Amino acid sequence: MASDDIAQLADALSKTHVGDGELSFKGRGLKLDYAESVEGLVREIEQYQGLRALRLEGNTVGVEAAQAIAKALESKDQLQRCHWSDMFTGRLRSEIPTALRSLGGALMSAGARLTELDLSDNAFGPDGVKGIRQLLKSPSCHSLRELRLNNCGVGIEGGKILAEALVECHKQSSALGAPLRLRVFIAGRNRLENEGASALAQAFQLLGSLEEVHMPQNGINYSGITALAVAMQHNPELRVLNLNDNTLTKRGTLAMAQALRHLRNVQVINFGDCLVRSEGAIALAAVTREGLPLLKDLNLSFGEITEAAALVVAQAVMDKPHMENVDLNGNCLGEEGCEALKEAMENTDMLASLSDDEGEPDDEDEDEDDNNNNTLEVASFLSCPSAEKLLQLGEKRWTLEQQADASDPDEAADVVLKILSVYSEEPETKRAVLETIDAVLKKLFSGSALQSYRFLSTLLVMMGLLKGEGKTKKVLLVPGQLLCLEHAVQQGYFPQDCASLLHTFLSRNHEALKSCSSARESLSSVLEKRCGAGC
């Protein structure tokens, strides 16, 4: 071993912090290739009684050096925390699994019971996951509470291997009466994509103990996000959910919103740079308004959210007692929208900077990542609605209520707009339309706030008052539709929150309602009276 290497290691050892059961070689920049290059380090490990934490991050460890360190760890049965991130810089990818197997084997031989394992920033890929697979399955990880694998290039294959190891660990530990209770899982920047994320979701659902999940920048879209959403529902202690820089879109966000309805301990939601879009933001606002009592931090930045939807989010967070930060930067608010949002939240200091706002969106439809072209067979009236057909239905009009299901907001909104389209001041027709629409809307608004918001946001998209995703059809608005809504918002079944939402969009879409200006003004007047200053 070169004399300068020995001198470097000696200097590092002299600075090593020893205390509270922790031995640290963190950030020394040591190049440890062979057994002789780690003699001093090994001696420190061997002589440390009651070793509970070993920090090796910020050095580079070769296969022989790892084997020598492993030998020293075979007697360290009290070791609990392994901080081994950024430990293989400059090493061949083929070397890393061998080194990891040596270190993992030593922990198993020692009978160590780990609580923390950090292997972040080691570009070991799927083969590296194979290198820790046996360790993760072993009794040494039955006690694991934190697993950090950020920026490791795990990939789809590695994600599946990791999921299988966690499932097996849970199975074996449960058989011994002490099931694995992993609390923190961090695996950002790993190219997990949908298949890897879905595999891990199955493991998460089984665990049910997660408090923090960080999976940013993994190329996950709707199907993977939906799988994760289902899994999160089974983790009631979840506090932090970070999916930054994946692709949720409306459908993924709706799935996550549905999951968040079941969670009471969430404090941090990071869906920044996830293309949440306006309809997704409205769904999250509904969940926030009716639940999430401990929420502190909500990041919906760079999500193509428009002004009116951002204002709905602002209204939803204003009454959250623990709220500290709302990030809506980088969206599509426009200059006036930014000012309106700042004004709406001027009495708080929770709004993050809006310096990167993208400006108002264009009028082109956004492409959805998966289109649902399925159509439902509808009655004659719905195929070609007319006042005459509605009247001819007689008592069968109530069957239209069955066509409107809140679980399918697109179909429900379509049914409502078709009923509204035949409104007229002719007494018999007016009575038939209003009675029918009362029955239909009463049903649609009888569910959760999330369902009500989803239906109303879809209705707004079809009315041209909200920019939506995909090929959602828009109707040609006529005054009668707004006059019917004027009647509906005055009824007891129409939720106050939804009246506020409708007012927000109506007041910011004068151009879309230009052909119905008189009816719009009348509806706006009624909404202002109902909402009062709170709107």
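Residues numbered from 1 in each chain as written. Predicted model: local features only at pLDDT ≥ 70, side-chain atom pairs only at ≥ 80, totals over all residues. Heavy atoms only, no water.

With that out of the way, let us pick up helix 5 (residues 125–137). The first and last C-alpha atoms of helix 5 sit 19 Å apart over 13 residues, in line with the 18 Å expected at 1.5 Å per residue. The axis of helix 5 is deflected most strongly, by about 35°, at Gly131. Within helix 5, burial applies to Gly125, Pro126, Gly128, Val129, Gly131, Ile132, Leu135, Leu136 and Lys137. Buried residues along helix 5 sit against helix 4 (95–110), strand 7 (116–118), strand 8 (146–148) and helix 6 (155–175). (Helix = DSSP H or I, 4+ residues; strand = E, 2+ residues; numbered from the N terminus. Expected span 1.5 Å × (residues − 1). Bend = angle between axes of the 7 residues up to and from the residue. Buried < 20%, exposed > 50% of the residue type's maximum accessible area, 1.4 Å probe, protein only. Contact = heavy atoms within 4.5 Å.)

Within the structure shown, the criterion is met by 20 salt bridges. One salt bridge connects Lys130 with Glu157, and the closest N-O pair in it is separated by 3.3 Å. Placement of the pair is Lys130 in helix 5 and Glu157 in helix 6, with a sequence separation of 27 residues. The class of Glu157 is partly exposed, set by a relative accessible area of 41%. (Salt bridge = Lys/Arg side-chain N within 4 Å of Asp/Glu carboxyl O.)

Here Asn151, not a glycine, exhibits a phi torsion of approximately 60°, which is positive. Structurally, the position occupied by Asn151 is in the loop between strand 8 and helix 6. With a phi close to 60°, Asp245 is a non-glycine residue in the positive phi region. One can find Asp245 in the loop between strand 11 (240–242) and helix 9 (249–260).

With 90% of its residues at a pLDDT of at least 70, the protein chain reaches an overall mean of 87. Long-range and interchain partners of residues 364–379, a stretch whose pLDDT sits below 50, account for 28 contacts in this model, where long-range means more than four residues apart. (pLDDT = per-residue confidence, 0-100.)

Scanning the model with the defined rule gives three aromatic pairs in all. Consider the rings of Phe445 and Phe455, whose centres lie 5.7 Å apart with planes at 70°: the pair is edge-to-face. Within this pair, whereas Phe445 is found in the loop between helix 17 (427–444) and helix 18 (449–462), its partner Phe455 is found in helix 18, the two being separated by 10 residues in sequence. Across the pair, exposure class does not vary: Phe445 and Phe455 are buried alike. Chaining the aromatic ring pairs together yields one cluster made of Phe445, Phe455 and Phe494. Across the ring face of Tyr222, the terminal group of Arg251 is positioned such that the distance to the ring centre comes to 4.1 Å. (Phe/Tyr/Trp six-rings, centres within 6.5 Å; stacked < 30°, edge-to-face > 60°. Lys NZ or Arg CZ within 6 Å of the ring centre and 35° of its normal.)

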